[in-house]
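These are the residues of each chain, in order.
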Amino acid sequence: HARLFVESGMKGQAPSLLLLLLAWRPARGAEQQCQLSDQRYAGVTVTVVALQEKGGVNLENLYVRAREFENFTGAVVDFVQRDVRPSGDNPSLAAEVFADAGKVETGCNGAGVYQGYVIKGNQVPDLVQCGGIANLSTQVEQSQTWSDLDWADVATAIRQGTSTYDSKVYSLPIDADYMATVVREDLAGNTTLDTWEQWVAFAESQNGTDMNGDGKPDHGACIALGPAGHFSVFGVLMAIAAPHLQLGGTPQGAFFNTDTLEPKLTAAAMSQIYPDAPSSFSFETALALYKRLVDVAVPGVSAKDAWDYFKNGSCSTWISLPGFVYKTQDTKFGTTNMLTRNVPNATMARVEAPGVPCPSRSTCPYASDTSSGLVSRAPFLATSGFGFAISSKASAIQQQLLFELFTYVSAPEQSNPDVQEWTVSDPFRLSQLDNETIADLVERGWDEPVARQYLEVVDATLNHPNAALDLRVPGLGLYMSSLLDATDSYVHGTARRRRAESADAACEAASDAWQAIPLQLYGQEPAATNTQLDIYRAQLGLPQIVRDTGGGGNEEIALIVTAAVGGMAAAVILGAFAFWIVATLRRKRALERQAEATIKKQIVSAVDALKEIQAPLALIRASDFLEIGSLQSHEALRDKGVLHFVDTTSQFIETVFTRYVTVFFSHQWLAFGDPDPRGEQYAVMVKAARSIAALEKVPLEDIFLWVDVISISQSCRSVQTLAINSLPCFASLLKYFVTVCPTVKHADTGAVCNKASYHERCWCRAELMSFWARNGTERMFYATGGSGAARRSEVGGEEPEGMALEPMAPEGVTESFVDAIKVFHGSPSCC
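Residues numbered from 1 in each chain as written. Predicted model: local features only at pLDDT ≥ 70, side-chain atom pairs only at ≥ 80, totals over all residues. Heavy atoms only, no water.

A. Broad picture of the sheet that holds strand β7 (residues 180–184). Across the sheet, which stays open at both edges, the four strands sit in the order β8-β9-β7-β10 with mixed pairing between neighbours. Two strands in the sheet have a free side with no partner beyond their single neighbour: β8 (219–222) and β10 (348–351). Recorded for the sheet is a direction-independent mean angle of 20° between the axes of neighbouring strands. Here three bridges tie β8 to strand β9 (residues 315–320), and the two strands are oriented parallel to one another. Within β9, the position partnered with C222 by the bridge is W318. (Pairing = 2+ DSSP bridges. Helix = DSSP H or I, 4+ residues; strand = E, 2+ residues; numbered from the N terminus. Axes fitted to C-alpha atoms, helices over the stretch in contact; angles between N-to-C directions.)

B. Summary view of helix α22 (residues 476–492). The first and last C-alpha atoms of α22 sit 23 Å apart over 17 residues, in line with the 24 Å expected at 1.5 Å per residue. Along α22, the sharpest kink reaches roughly 35°, centred on A486. Here α22 lies mainly inside the structure; 12 of its 17 residues are buried. Among the residues trailing α22, G493 stands out with phi positive, at a value near 65°. (Expected span 1.5 Å × (residues − 1). Bend = angle between axes of the 7 residues up to and from the residue. Buried < 20%, exposed > 50% of the residue type's maximum accessible area, 1.4 Å probe, protein only.)

C. Looking closely at the sheet that holds strand β13 (residues 373–376). Pairing in this open sheet of three strands is antiparallel, and the strands run β11-β13-β12 from one edge to the other. Taken across any chain shown, the strands that pair with only one partner, and hence form the sheet edges, are β11 (356–357) and β12 (368–370). Across three bridges, the pairing between β12 and β13 is antiparallel. Note on β13: the bridge partner recorded for D369 is L374.

D. Inspection of the side chain of Q329 at higher detail. Assignment of secondary structure puts Q329 in helix α16 (residues 322–329). Under the relative-accessibility criterion, Q329 is labelled buried at 3%.

E. Region of interest: the pairing of strand β15 (residues 386–390). The element β15 is largely enclosed, with a buried count of five among its five residues. Side chains F386, F388 and I390 of β15 all project onto a buried face; the interleaved residues G387 and A389 project onto the opposite face, where all are buried too. Bridge count for strand β3 (residues 116–120) against β15 is five bridges, and the pairing is antiparallel. Following the sheet pairing, G116 is matched in β15 by I390. Summarising the sheet, strand β6 (residues 172–173) and β15 pair through two bridges and their orientation is antiparallel. Each residue of the ladder has a partner; that of P173, found in β15, is G387.

F. Looking closely at the packing of aromatic side chains. Applying the stated criterion to the full structure yields 28 aromatic pairs. Clustering of aromatic rings is evident, with ring pairs tying together F234, F255, F256, F380, Y479, W514 and Y536. A cation over a ring is seen here: K120 above F386, with NZ or CZ 3.8 Å from the ring centre. (Phe/Tyr/Trp six-rings, centres within 6.5 Å; stacked < 30°, edge-to-face > 60°. Lys NZ or Arg CZ within 6 Å of the ring centre and 35° of its normal.)

G. Quick look at the state of the cysteines. Scanning all chains against the criterion turns up three disulfides. With its sulfur 1.9 Å from that of its partner, C358 forms a disulfide with C364. Handedness of the C358-C364 disulfide follows from its S-S torsion of about 85°: it is right-handed. When the bonded cysteines of the chain are numbered from the N-terminus onward, they pair as 1-2, 3-4, 5-6. The closest cysteine sulfur to the non-disulfide-bonded C741 is located on C764, 9.5 Å from its own sulfur. Judged by relative accessible area, C741 falls into the buried class, the value being 3%. Not part of a disulfide, C764 finds its nearest cysteine sulfur in C762, a span of 8.5 Å. Residue C764 is classed as buried on the basis of its relative accessible area of 0%. (Disulfide = S-S within 2.5 Å.)

Pasting the structure below:
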């Protein structure tokens, strides 16, 4: 690697020890760097608006990596450096980005001077609405980029909260932000801190005691309360509020009713969404807890000041963004962290975000069993974290340059060591939370149990199925400031402004303020609220609501007027005729409305079916599959305990897809009552499973397979029907699609079964189409029992000889491939 750096443009200077350490990567990282070492962007210049390189809140690793990229590719990457807050004559980073890319609140009048941006995840929808940043979905889905970027390695909450909007990718992550909860471990001892009530009570019990030995009373909490940095103050409030407002998973959102955009700030609004939930699930309850915490907190401090107070031992609890917390906890190749150096014998622990007691799992499906009973948590992803975005006005070559630069910085080979070295970039990948990372932290001086607990808490935060995304809509500043303003006098007990003095009145005032914001942004109602609702749903990954646009009605008036013309006798006849036509038109429009409603219902149902499985997804490990010796029924293998069940799509993504290789085996049955009476297809599946293990370089234990007779109930018809209805979703979720089609004879009919007969079946075509629509053709194969053609694998290098996989679409989506996925051109035969 040292030779690589010198030969790829270090201008004869030996690289520093730091760069050599940062350059050390596994073999795949070296391959990526070699791929970039071709001076492909010589003479191309781009300018990126970014956090400053040094001092304050900075992103130094971006500058180090950009210089490496320049040396590799010949590109010139210039930076406009900004702090998170205004500094002197310079605007803040966010203000600079919005001035260039556009902001809904100011009319989307972006200057379009720069080509790249460092942005926060909660800014993405606003920038997309103004057309200021480019859609990166196509680039991310390309096979080589997918391999380099390792998109599936990015934590689910970060992909959704930082990078995507309306199911499209608009930024590449470099960071994860959320509200981290920290406690003085030496003071807490065995105190249970599962709920926010327990957290606040502990802070109250410690308030006024001397915690650092200076003889002065200290505080129960260190939290941002100062006038600067509304997002830090807002973040603490919402960290407490989120589990009170979001019970049923990330897509429900913590801020609004997803059907009406009514704020979840009043008891009435919450009861409409969660009629069976206890009254404790309310913003009013959360606000009362927040007020109690404020009462024992260091008064009027910024997030930076709160950090200083905690590391000097002046608080028993601390809520902050993770960068400050990591910097305090990190030993940096020493023997103690900041807190212990300042206060001997003081210890700190990052703990899982507290939650709210819940009576049952039916009310709180993602609640945890704790020593305090069932607790529903919703870790709050404040600001979501930093990411890289590309201006939609940049030229094609500039966009490609920036995409490769940002991929290089975000890729595991670079970002995994960076999140340990530079504190603004916090862990955002699964590979940054593994045992290798624990070993790295121990090498830096961490105690192994402390390192393990730290990573377990981060993992539980970023991969929690009920993680609460930050508010990601235009007018974010208006929402934050109006909420803090409406609750100020209740929380702080002052009369600085004429505001309500009760929690209930404060919640009503905040709700009223929020409901007025869409009109400020977009103008006339109801279009304003509908526009904001569509954006809110899109950032949660929900489909747009289909609305009735009205229309019609004038035909009746025209007919009545016509009928009134003429003599009295003619009027009777024409009137009767008009009445018949009007009635006919009314019936016609009623039927049209009924048909439209039916179609809408069918569309929503179809969309939901593709977003969520309707029956448990049953998988078998490839290692167990090789042991069973033949295709056996679902019930037989279930009773042997070798099947693994996943109940929801999100659970599959979080617990299986991001950690293991998954394969969907599609095949035709070779007898009416037995899918594989002679074991011919089973043998081909075994070879295919071994080939994928070689392709992915993983053991068979890390591969999960789906096979119809194994994965779908064969005896319970109702469950079987639900599973069959979920087939499109099942097929699209798994990583590989393998069509098993050896040339053999059907045991009952004697007909030849092969590729051609497979493609004749509409069910097979439906499975093919479902996988292709979500994943493309890259990981679609035939398995015929012979040796497939070698190809470049996703993980680099040629496949081993004798691979039992043949690419289904080696030339991409051709006319013949399109013909093969036309579902209704196939036969509905069962086998």
